[in-house]
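The chain contents come next:
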Amino acid sequence: MFGRRRKQEKWILLAPAILVLALITLIPLANTFWLSFTDTRISAIPSPVRFIGLENYIYALTDPEFREALYRTLYFTIVSVGLEGILGVAVAVLLNQKFRGHLILRALIILPWAVPTIVNAVAWRLIYHPDYGALNSLLFQLGLISDYRSWIGDPATAMNMVILADVWKNFPLVAYVALAALQTVPADLNKAAAIEGAGPWKRFWSITLPWIMGPLMVVMVLRTIEAFRVFDIIYVMTGGGPADSTKTASFYVYQEYFNYLRSGSGASYAVLVAGISAVLILFYYSSAKRQATGATA
Amino acid sequence: MRRTMLQSVFLYSCVVALALFTIAPLLWLVTMSISAPTDLTEVPLRWIPSEFDFSRYGALLNIDGGSGERFLSALRNSILTAGGATVIALMLAIPAAYSFSRRGASMVLLFAFLATIMMPPITYILPLYSTFSAFGMLNKTTTLIIVYTAMLLPFATWLMKANIDVLPVEVEQAAFMEGASTSYTIRTVVLPLALPAIAATAMLSFLVAWDEFFYALIFTNDLSAKTLPVAIADFSAGRVTDYGVIASVGVMATLPPAILAICFQKFIVSGLVAGSVKG
Amino acid sequence: MPENQILSVESLQKTYGDVHVLKDINVAMEPGEFLVLVGPSGCGKSTLLSCISGLTEVSSGTIRIAGRDCTHMEPANRDIAMVFQSYALFPNMSVERNIGFGLEVRKVAEAEKKAKVSEVADLLKIEHLLQRRPAELSGGQRQRVAMGRALVRDPKLFLFDEPLSNLDAKLRVTMRTEIKRIHQATGASIVYVTHDQIEAMTLATRIVVMKDGVVQQIGTPHEIYNKPVNAFVADFMGAPSMNLMKGKATPEEGHIRLEIPTPQGRSVSLIDRKTPSQSFRNGPQDVLIGLRPEAMTDQKLSNGSALQSAECLLEVVEPAGADTYAVIHLGETEAIARLSADAPVQAGEMSSITFDLSKVSYFDISSGNRL
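Everything numeric in this text was worked out from a predicted model, so none of it was measured.

About the thresholds
- Residues numbered from 1 in each chain as written.
- Chains lettered and ligands numbered in written order.
- Predicted model: local features only at pLDDT ≥ 70, side-chain atom pairs only at ≥ 80, totals over all residues.
- Heavy atoms only, no water.
- Helix = DSSP H or I, 4+ residues; strand = E, 2+ residues; numbered from the N terminus.
- Buried < 20%, exposed > 50% of the residue type's maximum accessible area, 1.4 Å probe, protein only.
- Contact = heavy atoms within 4.5 Å.
- Areas by Shrake-Rupley, 256 points an atom, 1.4 Å probe, with all protein chains shown as cover.
- Lys, Arg positive; Asp, Glu negative; His and termini not counted.
- Charge placed at Lys NZ, Arg CZ, Asp CG, Glu CD.
- Axes fitted to C-alpha atoms, helices over the stretch in contact; angles between N-to-C directions.
- Parallel < 35°, antiparallel > 145°, perpendicular 65-115°, else oblique.
- Left-handed = near helix turned anticlockwise from the far one by under 90°.
- Nonpolar A, V, L, I, M, F, W, Y, C, P; charged D, E, K, R; others polar.
- Patch = residues over 30% accessible without salt bridge, like charges linked within 9 Å, V, L, I, M, F, W, Y side chains within 5 Å.
- Salt bridge = Lys/Arg side-chain N within 4 Å of Asp/Glu carboxyl O.
- Expected span 1.5 Å × (residues − 1).
- Arc of directions from axis to C-beta.

**A few points about the overall build of chain B**
What chain B contains, in helices and strands, is 13 helices and zero strands. Listing the helices and strands of chain B from first to last along the sequence gives α-α-α-α-α-α-α-α-α-α-α-α-α. For chain B, the spread of C-alpha atoms along the three principal axes comes to 75 × 70 × 30 Å. Within the span of chain B, comprising 279 residues, buried residues form 58% of the whole. Of the contacts made within chain B by residues no fewer than 6 positions apart, 70% connect residues no fewer than 24 positions apart. On chain B, roughly 11,100 Å² of surface is accessible, and the fraction owed to carbon and sulfur atoms is 70%. One finds the centroid of the 15 positive side-chain charges in chain B at a distance of 8 Å from the centroid of its 15 negative side-chain charges.

Right, here's the structure in full:
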């Protein structure tokens, strides 16, 4: 394939994809960036756009509610991804054992992943229902609680309950990645360590975990990026409440746009959230790249 | 290695615990959907329904009923939107993937592609909303298809690229030597070889689009375009007194992805693992 | 002159970044020739073939095929066909469509295509396989289909990229014969890459020996075998390879006297009854003395005047069926002598070895070039 034609073809083949992505993502991104320096509002009557420099940003950075929302997002992200990681690895280790029905269980694990996010949120909302929820009933019948609780109506527990629902849906992904990595651990390595006298626990920490760490890191960072923009589950389960206790950054921006109709100010929040995401994305690439080069070495 | 009794007990307790944790919520959702309405409001709950009541499913599948109309039109919109976006995204992704794999298109560009879907949708939503609104394109299935195409494209390109990478390049070279053009080679040689990969990519893309909520929430507002996730959120937010109805809608929306996931597990899991790990 | 050449490569260079893969390659080829590019892996032979095919772009230089400058032409326009190492058959197509693919692309009429495909299938004895898929074929059958795909278009030039290296040893010999038969039947012009010097010797009308991106020698198998231009070619071509023994050559009146040291302390002394060439003008010098194993034997050879005998210590004796090989420590190397199968010799014994100096080669001890 010759220089010039090769080059032409390269761009011809890419052109439709680039066009779509530019229209739907790149241009809106630039537009959001521009809006963040204006005082635009969403209204039926077009009003003149006024450039107000960094005013939105100064406000956003000093806005305690936004900072709260960021902290909540961070809490949600760290706890749910952390739990998904621990649960995922534990499940993978379990599924990597041979026991009766291990293939069935391995197949079953995909179900939570297949449940649509919104259905997951709705289902858990029903389970957490303060009067007729399955969780209350179960814990009550087991004697673990004496009174029904309002799991997601109580600011103290709401976020953790949302996290539990999110972990239930997303641990299979981590588990599958960890399992795939586990299956590449050479059996000889473990046997050698066992002969050297290392117990199962020691073997897990010094052989298995380091071996699967690369892929595990990559999927965890990917989950972090997804968790950081959490919106759907919050929208359905709690609507950001109670008392803003589950209002995350994405939800905050959403409200700024579509409840308060302040598009300029909303855009500045969006840009800040996007900036944090960008850092996470760069982190993802560096870990994925390390994984890719490590895998070929 | 032989397991001791204690180890076996521990292992199987873990297995049972995991199985319960995994399926109990789903089982309960199904149970709710077929329990009598009065069973669902007992305190404490009645776990086994007093009678099996499938009437909610009947209502959902009846186009003339209120909830049936809402559900069926949402189902239709979801199928059209997810299906349409999957087809278009693949049609754009395959040539792009070929360019990345065989025509030396820069990996930095592919990373840029992927970065666009990793960004929170709130970054794009407002300008998109204004533009679609200005062109009178809100509340249209077509609009969602366009947006979903962009959403599916990077991942589909990425997966297809990884799959084309491992095809034997000599087969394509042989086609070029025989005088075939690039597009003829892609159609007659590459596509047939990549068929399993295309199927896997299509399935994953479809599931992602099926699951999407945020754009659909913002861009649609009535039966003509609302997708299942939005309809379900409506059902659940509305003043429904029978929780079984919500549960039955949830079950119905879960069936297609769950069936795909179980039947094509190997495909999907390997796609997922590759998609989240390889750089 | 270039008009009647089927292929001419002039001053070809290929670099990948800092790596200089092909250095000033000049090769020309007449119609009907079977030109084999041979060399160790990494020598650039496959890159050269790839440049000729057009799958790789050259850095500089010219490639002419049948007189046309093809240097910057697409592979499809060069009027060539290629047989790949992995066969590169289209797995999703029947054998018939595989062979006819080039004609399909060129929109040749169905009837004509069918006729040509069956003609080629007949030549390759694969008519009964036409409806099968490549996956249902054996290695040898795939090989034939790959050749069929190349033959059916009747191109000016055929390129073969190590086509036999994926076959087992026995099948390789069969297919080698088959390729030779097809070459003789069709009179096709073939450029053939291999790392196997036996393949090169048996198939080629001319051989190009390459090393490190440089052409070492171009010549008929006979020339390459008997008059290697340097120690590398001498060592690479032939199995077992030519013995390259360090020794002292002293030009004397009408002949050259050779002294080859042995570990036992004394030297084997031989007389090469040839008039010393210009290279030996400067008196005694250390040289590499090249003798093929068959020129060191126990047998009675016919050319009496060039024969010399010497007592040598046989360190290892390896019976190989038709011959027996004996390792002799000579000239700081383990020289191999080829003895008759039933030679009454034993390891560790002294034996009389006959040296046939009519085929001796001399190489400069530092540059390795032929003297």
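**Side note on the overall build of chain A**
A tally of regular secondary structure across chain A gives 13 helices and zero strands. When the helices and strands of chain A are read in sequence order from the N terminus, they spell out α-α-α-α-α-α-α-α-α-α-α-α-α. Projected onto its principal axes, the C-alpha coordinates of chain A cover approximately 75 × 75 × 30 Å. Counting across all 297 residues of chain A, residues that qualify as buried make up 54%. In chain A, the share of contacts with a sequence separation of at least 24, taken over all contacts with a separation of at least 6, comes to 67%. When the accessible surface of chain A is totalled, it reaches about 13,700 Å², and 67% of it is carbon and sulfur. Once the 24 positive and 17 negative side-chain charges of chain A are each reduced to a mean point, those two points are 14 Å apart.

**Some details on the packing of helix H1 (residues 5-34) of chain B against helix H12 (residues 243-263) of chain B**
All names here are of chain B. Their axes nearest at 7 Å, the elements H1 and H12 cross at an angle of 125°. Comparing their axes, H12 and H1 come out oblique. For the element pair H1 and H12, the recorded crossing hand is left-handed. Together, Leu29, Val30, Met32 and Ser33 of H1 and Tyr243, Gly244, Ala247, Ser248, Gly250 and Val251 of H12 make up the contact between the two elements. Here the residues of the contact of H1 with H12 are counted per class, giving six nonpolar, four polar and no charged.

**Observations concerning a nonpolar patch on the surface**
Together, Leu138(A), Leu142(A), Leu144(A), Trp47(B) and Ile48(B) make up a nonpolar patch on the protein surface, roughly 530 Å² of accessible area in all. Under the relative-accessibility criterion, Ile48(B) is labelled exposed at 64%.

**A look at the environment of His72(C)**
Residue and element names in this part refer to chain C. Within the secondary structure layout, histidine 72 lies in the loop between strand E5 (68-69) and strand E6 (80-83). Here histidine 72 falls in the exposed class, since its relative accessible area comes to 59%. Distance from histidine 72 to glycine 54, taken between C-alpha atoms, is 7.7 Å for residues 18 residues apart in sequence.

**What about the pattern of salt bridges?**
Going through the model one piece at a time under the given rule, you end up with 30 salt bridges over all chains. In this structure, the salt-bridge partner of Lys226(B) is Asp234(B), at a minimum N-O distance of 2.5 Å. On the basis of relative accessible area, Lys226(B) is assigned to the buried category, the value being 17%. Residue Asp234(B) is classed as partly exposed on the basis of its relative accessible area of 30%. Among the ionic pairs, Glu96(C) bridges to Lys114(C), the shortest N-O distance being 3.4 Å. In this pair, Glu96(C) is assigned in helix H2 (residues 95-105) and Lys114(C) in helix H3 (residues 110-124), connecting sequence segments 18 residues apart. On the accessibility criterion, Glu96(C) (18% relative accessible area) is buried. One continuous salt-bridge network, built from bridges that share partners, spans Glu84(A), Asp166(A), Arg223(A) and Glu226(A).

**Quick notes on H3(C)**
Residues and elements named next belong to chain C. Taking 1.5 Å of rise per residue, 15 residues should cover 21 Å, and H3 covers 21 Å from first to last C-alpha, within 8% of that figure. Along H3, the positions that sit buried rather than exposed are Lys113, Val117, Val120, Ala121 and Leu124. The arc enclosing the buried residues of H3, seen along the axis, measures out at 105°, which places them on a common side. Relative to its buried face, H3 has exposed residues pointing more than 90 degrees away, namely Ala111 and Glu119. Buried residues along H3 sit against H2, helix H4 (139-151) and helix H5 (169-186).

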